[in-house]
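# Close look at the chain arrangement
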Amino acid sequence: QVQLVESGGGLVQPGGSLRLSCAASGSRFSIYVMAWYRQAPGKQREMVADITNGGRTNYADSVKGRFAISRDNAKNTVSLQMNSLKPEDTAVYYCYAQVSVSSWAPRDYWGQGTQVTVSS
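Description of the structure in this document. (Residues numbered from 1 in each chain as written. Predicted model: local features only at pLDDT ≥ 70, side-chain atom pairs only at ≥ 80, totals over all residues. Heavy atoms only, no water.)

### Re the pairing of strand 5 (residues 46-51)
- The sheet contact formed by strand 4 (residues 29-39) and strand 5 spans 5 bridges and is antiparallel. Its bridge partner lying in strand 5, Met34 is registered against Ile51.
- The turn linking strand 4 back onto strand 5 is made up of 6 residues, and Gly42 within it adopts a positive phi angle of 75 degrees.
- Linkage of strand 5 to strand 6 (residues 57-59), two consecutive antiparallel strands, is achieved through a turn of 5 residues, within which Gly55 is found at a positive phi near 95 degrees. (Pairing = 2+ DSSP bridges. Helix = DSSP H or I, 4+ residues; strand = E, 2+ residues; numbered from the N terminus.)

Structure below.
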């Protein structure tokens, strides 16, 4: 089994910055894609940014140029640096990982979520 634990959410003023981190723990696993999703009240969960184990990244249009995703494959961590935050970035942010455990077929894992609130 694999667990994802997020940290770094909180309250920030518009224009401010936050950094989210997520660490995967478990045994005998390999991580392929890692990503951050978010879900605002009354809206569907949406992909914010993802990164492959080779370092290729992909961003939602709404965060391009403001957010940056990175990962440390040796530590099984992924981070999301969020700059120039806007009130519309307010949401619960979820860490995601596509993981193979003991060479079984990859499956999806999710963290518990961390609240990000952008407000003055």
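### Quick look at the state of the cysteines
- Tallied over the full model, the rule gives 1 disulfide.
- Covalently, Cys22 is tied to Cys95 through a disulfide, its sulfur atoms 2.1 Å apart. Looking down the S-S bond of the Cys22 and Cys95 bridge, the torsion is -80 degrees, so its handedness is left-handed. A residue pair is termed long-range when its members are at least 10 positions apart, and Cys22 in strand 3 (residues 18-26) and Cys95 in strand 9 (residues 91-101) qualify at 73 residues. Summarising the burial analysis for this pair, Cys22 and Cys95 share the class buried. (Disulfide = S-S within 2.5 Å. Buried < 20%, exposed > 50% of the residue type's maximum accessible area, 1.4 Å probe, protein only.)

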